[in-house]
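Results of the structural survey
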Amino acid sequence: MPEPDLPFRWDVERDHTGSLTEPVRPDGTYVDALVDCTAKVLARSADRDLYFVGRSPDSLYDLLHGVLADTPHRDRVHRLPLSLYGCDGGSLTPTERAQLRVNLTAQGITPARLVGGGRAIVFCDLVNEGSTFENLHRELTAWADDERADRNRIRGRIGYLGIVAREKTSPNTWRWRQHAPWVEELPPRAVRNVSIPGWLWGFLGNVQPKTEPSFRRTRWADPEVARPRHDERTRAALSAAVALHERGRDPEVRDAFRRVLTAEPAFREPWLRTLAHTLRS
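Residues numbered from 1 in each chain as written. Predicted model: local features only at pLDDT ≥ 70, side-chain atom pairs only at ≥ 80, totals over all residues. Heavy atoms only, no water.

It is worth spelling out the overall build of the chain at this point. Looking only at helices and strands, one finds ten helices and five strands in the chain. For 281 residues, the compact-globule estimate of 2.2 N^0.38 gives 19 Å, and the C-alpha radius of gyration of the chain, at 19 Å, lies within 12% of that figure. Considering only C-alpha atoms, the chain reaches an extent of 50 × 45 × 40 Å along its principal axes. Across the 281 residues of the chain, 53% fall into the buried class. (Helix = DSSP H or I, 4+ residues; strand = E, 2+ residues; numbered from the N terminus. Rg over C-alpha atoms; globule rule 2.2 N^0.38 Å. Buried < 20%, exposed > 50% of the residue type's maximum accessible area, 1.4 Å probe, protein only.)

Here it is, written out as structure tokens:
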């Protein structure tokens, strides 16, 4: 049985990063757009444990951890360092699949959990065509089948939340969910979207420096991923992450976050009203 192997990432609270970071102040327009997106993600998570997949949504995670820092909901937000790029069509080797399952287990994701051994889960990521979600769903359902878990029960306890670039609405608009056959296996509300400005999607997905390299299949069992990185680009990314976490704790940002929550249809649900109340200054 392989051992879990997960990438190292510093705790973004400033007192845990010491001299690695420098004070920075994120652009106000960027923070406003990120608050709008992150609040909608939380509202549409349906009171489930929220897993941000890969590196692209790291800023959402960092901001949200700051917003929720003093609330019980903080422990229900997680990073899932994982890239399934190049894994289309079930191309993993038995060794890679075993390592993937061990790594997922170390992060609290197992067939037993999905069947009913804990809170339901929603995965969140930036989406273009939805291949990451498709690959993840295929691997999870294959794992469940191998464990003889109740796939029908799992369908009701797993969700996918895609962050997509905003486009003009028209009958001819291409929507990834409508072109993904695997989505039909899930209940209608299990797969949802949050749309954001194209510039924000492009920055988070293609431009923004990250605190760690992409965790692709070639690195799932590489012990080097557990070693801290101190290069200039990593330090700059960590400084930005710390700044977002601190901004999330700012009463002004929390008030803005709460205003977005109150405008969401899910606000009629008790869990979200209670959470929004805890964010009052």
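From this point, things continue past the structure.
Attention now goes to the packing of aromatic side chains. One pass over the structure, following the stated rule, counts seven aromatic pairs. Between Y51 and F123, the ring centres sit 6.0 Å apart and the planes meet at 45°, which makes this aromatic pair tilted. Taken together, the residues Y51 in strand 1 (residues 49-53) and F123 in strand 3 (residues 121-126) connect sequence positions 72 residues apart. Per residue, the accessibility class of Y51 equals that of F123, and both read buried. Pairwise contacts between aromatic rings join Y51, F123, F133, Y160 and W182 into one cluster. (Phe/Tyr/Trp six-rings, centres within 6.5 Å; stacked < 30°, edge-to-face > 60°.)

Here we take up the sheet that holds strand 1. Strand order in the open sheet made by the five strands is 2-1-3-4-5, with parallel pairing throughout. The sheet terminates laterally at strand 2 (77-80) and strand 5 (191-196), the two strands that pair on one side only. Strand-to-strand, the axes of this sheet are offset by a mean angle of 25°, without reference to chain direction. As defined by bridge partners, strand 1 adjoins strand 3 across four bridges and the pair is classed as parallel. (Pairing = 2+ DSSP bridges. Axes fitted to C-alpha atoms, helices over the stretch in contact; angles between N-to-C directions.)

This brings us to the side chain of K40. The topology assignment puts K40 in helix 1 (residues 28-43). A residue is classified by how much of its surface remains accessible, and K40, at 18% relative accessible area, is buried. Side chain to side chain, K40 and D36 meet in a polar contact 3.1 Å long. Beyond its immediate stretch of four places on either side in the chain, K40 contacts V194, V260 and E264. (Polar contact = N/O pair within 3.5 Å; in protein donor to acceptor, adjacent residues only side chain to side chain. Contact = heavy atoms within 4.5 Å.)

For helix 1, spanning 16 residues, the distance from its first C-alpha to its last is 22 Å, which sits close to the expected 22 Å at 1.5 Å a residue. Buried residues dominate helix 1, accounting for twelve of its 16 residues. For helix 1, every residue scored as buried is listed here: Y30, V31, A33, L34, V35, C37, T38, A39, K40, V41, L42 and A43. Structurally, the start of helix 1 carries an N-cap: the backbone nitrogen of T29 is 3.0 Å from a side-chain oxygen of D27. (Expected span 1.5 Å × (residues − 1).)

A few words now on the nonpolar core. In this structure, V41, F52, I163 and F257 are the most contacted members of the largest nonpolar core, which totals 40 residues. It is helix 1 that provides the largest number of residues to this core, a total of ten residues. Apart from the residues within four sequence positions on either side, F257 is in contact with V35, T38, A39, L42, L64, V67 and L279. Judged by nonpolar contacts, the second largest core, of 34 residues, contains L92, L114, L186 and A190. (Core = buried A, V, L, I, M, F, W, Y, C linked by side-chain atoms within 4.5 Å.)

With a phi close to 60°, D47 is a non-glycine residue in the positive phi region. Note on D47: relative accessible area 29%, which makes it partly exposed.

Let us look at helix 5 (residues 131-146). The terminal C-alpha atoms of helix 5, which comprises 16 residues, lie 22 Å apart, in line with the 22 Å expected from a rise of 1.5 Å per residue. Among all positions of helix 5, only F133, N135, L136, H137, E139, L140, T141, W143 and A144 are buried. In this structure, the buried side of helix 5 is in contact with strand 1, helix 3 (94-106), helix 4 (111-117), strand 3, helix 6 (151-155) and strand 4 (158-165). Positive backbone phi, approximately 55°, marks R148, located one or two places after helix 5.

This brings us to the packing of helix 1 against helix 9 (residues 251-263). Two quantities define a packed helix pair, namely the angle between the axes and the distance from one axis to the other. Interhelical geometry of helix 1 versus helix 9 gives an angle of 50° and a closest axis separation of 9 Å. Between helix 1 and helix 9, the angle falls in the class oblique. The two elements helix 1 and helix 9 cross, and the hand of that crossing is right-handed. Contact residues: helix 1 offers V31, V35, D36, T38, A39, K40, L42 and A43, while helix 9 offers V253, A256, F257, V260 and L261. (Parallel < 35°, antiparallel > 145°, perpendicular 65-115°, else oblique. Left-handed = near helix turned anticlockwise from the far one by under 90°.)

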